[in-house]
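# Topology and contacts: notes
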Amino acid sequence: MSNVSASDSILITHRCPKAACQARIRTRAERDGRIETSCPTCHEPTILDIPSDVCTDRMITRCSLCPGREFFIRKDFPQKLGLLLVIVFGLVASVFYYYENIVATFATLGALVLVDAAIYLFVGKVTVCYRCRAEYRGVVYNPDHEGFDLATSEKYD
Ligand SMILES: [Zn+2]
Ligand SMILES: [Zn+2]
């Protein structure tokens, strides 16, 4: 068994296997081998099988939750923050629009694009399993993994 230090351990986010629940579960992989975890919502147990090379190389080659071996890498954009920004900037823009201040309306929408772009520059990346959509954070990016590919994704539907 190999150990990785807690500060840079791998964080795995996966869905509860119970179809009716689908809660997001976060598990820290601090060692290889089997990890038993249970859903915080419905207490359904989940078994993760962390491959030993994930702990030594910190590189994902196969999924810890399913037999999946294909992954894509996406930006770890904070979805909730993105939505909040759209709502806030949208409200401000609609107020300017109401008062027929078209320049300010477009300036507000332009600012939203800039803020989004700035966040996008600073967020990290996340490795995602095509088959079960488990997310892996704190890993080394596998050079074999690319951005999301719809054709690959459709194989698993
Ligand atoms: Zn559950
Ligand atoms: Zn998987």
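Residues numbered from 1 in each chain as written. Chains lettered and ligands numbered in written order. Predicted model: local features only at pLDDT ≥ 70, side-chain atom pairs only at ≥ 80, totals over all residues.

The next subject is the overall build of the protein. Looking only at helices and strands, the protein features four helices and seven strands. When its helices and strands are written in sequence order, the protein yields β-β-β-β-α-β-α-α-β-β-α. A compact globule built from 157 residues would reach a C-alpha radius of gyration of about 15 Å, whereas the protein, at 20 Å, exceeds it by more than 25%. In terms of overall dimensions, the protein has C-alpha extents of about 65 × 35 × 35 Å along its principal axes. Across the protein, contacts joining residues at least 24 apart in sequence account for 56% of those joining residues at least 6 apart. (Helix = DSSP H or I, 4+ residues; strand = E, 2+ residues; numbered from the N terminus. Rg over C-alpha atoms; globule rule 2.2 N^0.38 Å. Contact = placed C-beta atoms within 7 Å.)

So, about the domain arrangement of the protein. For the protein, the assigned domains read domain 1 (6-75 + 126-154) and domain 2 (79-121). Of note, the centres of domain 1 and domain 2, computed from C-alpha atoms alone, are 34 Å apart. (Domains from an automatic or database assignment.)

With that settled, the discussion passes to the sheet that holds strand β5 (residues 71-75). Sheet architecture is open: five strands sit in the order β2-β1-β7-β6-β5, paired in antiparallel fashion. A single partner strand is all that each edge strand has here, and the edge strands are β2 (24-29) and β5. On average, adjacent strands in this sheet sit at an angle of 25 degrees to one another, irrespective of strand direction. (Pairing = 2+ DSSP bridges. Axes fitted to C-alpha atoms, helices over the stretch in contact; angles between N-to-C directions.)

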